[in-house]
Amino acid sequence: MKKIALSILAASSVLLAACATTVKPTYVSPTQYQSLNCQQLQAEYDRIQQYLNQGVSVAKRTGVGVGVGLGGGWSHGGGWGFGPSVSLNMGQSSNTKKTEISRLMGQQDAIVQAAQFKNCPIKVVPRT
């Protein structure tokens, strides 16, 4: 019984650690910013940075999931055992905010690349 509890605790710790990873920029091609001049590139970079500073809000997506697995528990007769289980989950995706931040950071990187290609001076905010 203790081994099962320790296994569940270890598995949940691994899952929580995976959720706490840092957000990395998604690749965005700088070619979409080639038509902008230096002033427009800086304005677009600043607009994205302001949005990031204010806290990114994304449209909530809901979904329904069905899972089939093996569960264990106590029976009415006082014994315990394993049996099939079916679960139905309804909720929101927890990854959408990270995905949006990653996309915005990628856009900023693309703007910086386009500015460098055009020899534009651009004020970049360091990421933490």
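If you're wondering where the values come from, they're calculated on a predicted model, not measured in any experiment.

Engineer: Just give me the short version of the pattern of salt bridges, but keep the residues and values in it.
Structural biologist: Applying the stated criterion across every chain yields a total of three salt bridges. Here Glu100 makes a salt bridge to Arg103, at a shortest N to O gap of 2.6 Å. Separated by three residues within a single helix, Glu100 and Arg103 lie in helix H3 (residues 96–117), roughly one turn from each other. Classification of Glu100 as buried rests on a relative accessible area of 16%. Where Arg127 meets Asp109, a salt bridge forms, and the shortest distance between an N and an O atom there is 3.0 Å. Here Arg127, found in the segment after H3, pairs with Asp109, found in helix H3; they are 18 residues apart in sequence, far enough to count as distant. The class of Arg127 is partly exposed, set by a relative accessible area of 39%. Assessed through its relative accessible area of 28%, Asp109 is described here as partly exposed.

Engineer: Please set out the side chain of Gln107 residue by residue, giving values where relevant.
Structural biologist: Along the polypeptide, Gln107 turns up in helix H3. For Gln107, a relative accessible area of 14% translates into the label buried. In contact with Gln107, other than residues within four places in its own chain, are Val28, Tyr33 and Ile48.

Engineer: How would you explain unusual backbone geometry if you had to name every residue and give the values?
Structural biologist: You will see that Asn119, though not glycine, has its phi angle at about 60°, which is positive. Structurally, Asn119 can be placed in the segment after H3.

Engineer: Can you lay out helix H2 (residues 38–54) for me, pointing to particular residues and giving the numbers?
Structural biologist: Between its first and last C-alpha, H2 extends 24 Å over 17 residues, near the 24 Å set by a 1.5 Å rise per residue. Here H2 has its buried residues at Leu41, Gln42, Tyr45, Ile48 and Gln49. On an axial view of H2, the arc spanned by its buried residues comes to 130°, and they lie on one face. More than 90 degrees from the buried face of H2, the exposed residues found are Gln39 and Gln54. Where H2 is buried, its residues contact H3. The opening residue of H2 is Asn37, an N-cap whose side-chain oxygen sits 3.1 Å from the backbone nitrogen of Gln39. A positive phi of about 100° marks Gly55, the residue just after H2.

How each quantity is defined
- Residues numbered from 1 in each chain as written.
- Predicted model: local features only at pLDDT ≥ 70, side-chain atom pairs only at ≥ 80, totals over all residues.
- Heavy atoms only, no water.
- Salt bridge = Lys/Arg side-chain N within 4 Å of Asp/Glu carboxyl O.
- Helix = DSSP H or I, 4+ residues; strand = E, 2+ residues; numbered from the N terminus.
- Buried < 20%, exposed > 50% of the residue type's maximum accessible area, 1.4 Å probe, protein only.
- Contact = heavy atoms within 4.5 Å.
- Expected span 1.5 Å × (residues − 1).
- Arc of directions from axis to C-beta.
- Polar contact = N/O pair within 3.5 Å; in protein donor to acceptor, adjacent residues only side chain to side chain.

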